[in-house]
Amino acid sequence: GESVGLHLPTLSVQEGDNSIINCAYSNSASDYFIWYKQESGKGPQFIIDIRSNMDKRQGQRVTVLLNKTVKHLSLQIAATQPGDSAVYFCAVAGYSTLTFGKGTMLLVSP
Amino acid sequence: DAGVIQSPRHEVTEMGQEVTLRCKPISGHNSLFWYRQTMMRGLELLIYFNNNVPIDDSGMPEDRFSAKMPNASFSTLKIQPSEPRDSAVYFCASAVGRGNQPQHFGDGTRLSIL
């Protein structure tokens, strides 16, 4: 089955810095990936997704990079703001469900 | 647009009691998921419905847990009898199509079993 892991459980940055959150996956056949943000007391919220026919996708202040060779994806947040403080999950699509990583907590200091 | 609606938001009860969690998915979504989230185990899929039919319940911990989806706009997750180790945040999510599409989550039910 699919396993999904995160390299860093907690990431602390200063406001205005760029943040990079990493995720590794195990199934080389995986073809769809999603990043979620979970704020305290709320459910995970969709941020951005990417399919395996792409290696980069950009949104508003966020970029997802996919390296299929090493089965790694990352979420980059530009000019991190205090409102970005949350837990970030990567999710990998299987045949019928998503498998979620354990999450990385991002702490942004003013 | 109304998102996924879960109730109650918080539940505190004594072990042995029956607990029922409720979920209203987003209108038009035909897949529904129940997850449990704990610090130790992260986000775990309990059960997945597609078109009101349970597709994968391999994540349901044991017979004390049951889930139903009587129609496209309502689902319940029941624990009977409840135990302290069931304490967690339970999330419901819905999606269009199969479960490997973006899922939209409710804000969860925080369950404490004393």
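Predicted, not measured: the structure shown is a model, and the values here were computed from it.

### With respect to the overall build of chain A
When helices and strands are tallied, chain A shows zero helices and 11 strands. Listing each helix as α and each strand as β along chain A from the N terminus yields β-β-β-β-β-β-β-β-β-β-β. Scaling as 2.2 N^0.38, a compact globule of 110 residues should have a C-alpha radius of gyration of about 13 Å, and chain A matches this with 13 Å. Across its three principal axes, chain A shows a C-alpha extent of roughly 40 × 25 × 20 Å. Within chain A, buried positions represent 43% of all 110 residues. At a minimum sequence separation of 6, the contacts of chain A that also span at least 24 residues come to 52%. Total accessible area on chain A stands at roughly 5,400 Å², and carbon and sulfur atoms take up 48% of it. Chain A carries 9 positive and 8 negative side-chain charges, and their two centres are separated by 4 Å.

### Observations concerning the packing of aromatic side chains
Counting across every chain of the model gives 10 aromatic pairs over all chains. Ring centres of B:F33 and B:Y35 lie 6.3 Å apart, and the angle between their planes is 35 degrees; on these two criteria the pair is classed as tilted. With relative accessibility at 0%, the residue B:F33 sits in the buried group. Ring pairing ties together the aromatic residues A:Y36, A:F46, A:F100, B:F33, B:Y35, B:Y48, B:F91 and B:F105, which thus form one cluster.

### Comments concerning the layout of surface pockets
In this structure, the largest pocket occupies an estimated 760 Å³ of space. Along its surface, the largest pocket is lined by 29 residues, and A:Q38, A:V87, A:M105, B:Q37 and B:M39 are the ones closest to its centre. Residue assignment for the lining of the largest pocket shows that the elements contributing at least two residues are β9 (86-93) and β11 (104-109) of chain A together with β4 (31-38), β9 (88-95) and β11 (109-113) of chain B. In terms of residue class, the lining of the largest pocket is made up of 11 nonpolar, 12 polar and six charged. Its boundaries defined by the atoms lining it, the second largest pocket holds a volume of some 220 Å³. If you go around the second largest pocket, the residues you meet are A:T97, A:L98, A:T99, A:F100, B:Y35, B:L43, B:E44, B:L45, B:L46, B:D56, B:S58 and B:G59. At the level of elements, β10 (98-100) of chain A together with β5 (42-50) of chain B are the ones that each hand at least two residues to the lining of the second largest pocket. Take the lining of the second largest pocket: its biggest share by element is four residues, from β5(B). Partitioned by chemical class, the residues of the lining of the second largest pocket number six nonpolar, four polar and two charged.

Calculation rules
- Residues numbered from 1 in each chain as written.
- Chains lettered and ligands numbered in written order.
- Predicted model: local features only at pLDDT ≥ 70, side-chain atom pairs only at ≥ 80, totals over all residues.
- Heavy atoms only, no water.
- Helix = DSSP H or I, 4+ residues; strand = E, 2+ residues; numbered from the N terminus.
- Rg over C-alpha atoms; globule rule 2.2 N^0.38 Å.
- Buried < 20%, exposed > 50% of the residue type's maximum accessible area, 1.4 Å probe, protein only.
- Contact = heavy atoms within 4.5 Å.
- Areas by Shrake-Rupley, 256 points an atom, 1.4 Å probe, with all protein chains shown as cover.
- Lys, Arg positive; Asp, Glu negative; His and termini not counted.
- Charge placed at Lys NZ, Arg CZ, Asp CG, Glu CD.
- Phe/Tyr/Trp six-rings, centres within 6.5 Å; stacked < 30°, edge-to-face > 60°.
- 1 Å grid on protein atoms, 1.4 Å probe; cavity = no way out; pocket = protein on both sides within 12 Å on 5 of 7 lines; lining within 4 Å.
- Points joined across faces, edges and corners; volume = space filled by probe spheres on them.
- Nonpolar A, V, L, I, M, F, W, Y, C, P; charged D, E, K, R; others polar.

Distances and angles like these do not, on their own, reveal function.
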